[in-house]
Amino acid sequence: MGAFRRRMRFTKTQRNVCFFFVNFALERNEENIPFLLQILSTIRTSYTDVVNEDSNRLYKVVDLARAILYRKVKTPESLQPYPGKIFLPGPLYKKKAEDEASAKSP
């Protein structure tokens with residue numbers, strides 16, 4: 001995680017807030033890991049921020065949350081794809097154009 005911190009340049013407060021939400025989501029049920037990873041992957045590859053489409057802040061937060069989740073993985077089952085559909089709230093995310101999505105995918 002050390003190299004990740006140097007590369008991403010998050011403040012301590014930003015990291016703590018992200019840790020809080022990830023820990024809260026996993027508090028009662030670690031089986032949420034595949035669901036959360038699928039949401040983050042979907043956002044990273046197919047969506048952009050509705051407020052500022054040119055900003056990469058959303059992707060930085062997604063990358064931080066993914067790194068935190070991967071630290072929580074204890075079994076290979078936690079990395080199995082979530083079988084259901086993922087729906088994201090329209091007021092927060094906008095679907096990328098097809099050519100843009102393929103060019104920006106990691």
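The preceding data block contains the structure.
Numbers given for residues are sequential positions, taken from 1 along each chain in its written order. Per-residue local features are limited, in this predicted model, to residues with pLDDT of at least 70; the limit for side-chain atom pairs, both in listing and counting, is 80 or more; totals at the level of whole chains, interfaces and linings are taken over all residues. In computing side-chain values, all of the structure's heavy atoms are included and hydrogens and water are not.

Together, Val-17, Phe-20, Phe-21 and Phe-24 give the surface a local cluster of nonpolar side chains, amounting to about 460 Å² of exposed area. Within the secondary structure layout, Phe-21 lies in helix α2 (residues 12–26). Any residue with relative accessible area above 30% and no salt bridge may belong to a patch, with like charges joined within 9 Å and the nonpolar Val, Leu, Ile, Met, Phe, Trp and Tyr side chains within 5 Å. With residues, only the protein chains shown are counted as cover, and all accessible areas are computed by Shrake-Rupley using a 1.4 Å probe. The salt bridge definition used is simple: a Lys or Arg side-chain nitrogen within 4 Å of an Asp or Glu carboxyl oxygen. In this description a helix means any DSSP run of H or I spanning at least four residues, a strand means any run of E spanning at least two, and both kinds are numbered starting from the N terminus.

The next thing to look at is the side chain of Lys-96. Here Lys-96 is to be found in the loop between β2 (93–95) and α5 (98–104). Identification of polar contacts relies on pairs of N or O atoms within 3.5 Å, with a donor-acceptor requirement for protein atoms, meaning one able to donate a hydrogen and the other able to accept it, and with residues adjacent in sequence counted only if both atoms are side-chain atoms. A distance of 3.3 Å separates the side chain of Lys-96 from the backbone oxygen of Arg-44, its partner in a polar contact.

Between side chains of opposite charge, pairing is possible as soon as their charged atoms come close. Summed over all chains, the structure comprises one salt bridge. Taking the shortest distance from any N to any O, the salt bridge between Arg-44 and Asp-63 comes out at 3.1 Å. Note that Arg-44 is positioned in helix α3 (residues 33–46) and Asp-63 in helix α4 (residues 57–72), a separation of 19 residues in sequence. For the pair Arg-44 and Asp-63, one class covers both residues: buried. Each residue gets one of three labels from its accessible area relative to the maximum for its type: buried under 20%, exposed over 50%, partly exposed in between, using a 1.4 Å probe on protein chains only.

In this section: the packing of aromatic side chains. Centres within 6.5 Å make a pair out of two Phe, Tyr or Trp rings, where for Trp the six-membered ring is used; the pair is then stacked when the planes are under 30 degrees apart, edge-to-face when over 60, and tilted otherwise. Evaluation of the coordinates by the stated rule reveals two aromatic pairs. Taken together, a centroid distance of 4.9 Å and an interplanar angle of 65 degrees make the contact between Phe-35 and Tyr-82 edge-to-face. Here the residue Phe-35 occupies a position in helix α3, and Tyr-82 occupies one in the loop between α4 and β2, the gap between them amounting to 47 residues. With relative accessibility at 29%, the residue Phe-35 sits in the partly exposed group. Residues Tyr-47 and Tyr-93 carry aromatic rings whose centres are separated by 6.4 Å and whose planes lie at 75 degrees to one another, so their mutual orientation is edge-to-face. Of this pair, Tyr-47 sits in strand β1 (residues 47–49) while Tyr-93 is found in strand β2, placing the two residues 46 residues apart along the sequence.

Here the expected span of a helix is defined as 1.5 Å times the quantity of residues minus one. For α3, which comprises 14 residues, the first-to-last C-alpha distance of 20 Å matches the rise-based estimate of 20 Å (1.5 Å per residue) to within 8%. If you check which residues of α3 are buried, you get Ile-33, Pro-34, Leu-36, Leu-37, Ile-39, Leu-40, Thr-42, Ile-43 and Arg-44. Contact partners of the buried residues in α3: α2, β1, α4 and β2. The criterion used for residue contact is that any of the two residues' heavy atoms lie within 4.5 Å.

Topologically, Lys-74 is positioned in the loop between α4 and β2. Judged by its relative accessible area of 65%, Lys-74 is exposed. Between the alpha carbons of Lys-74 and Glu-30 there is a distance of 9.2 Å; along the sequence they are 44 residues apart.

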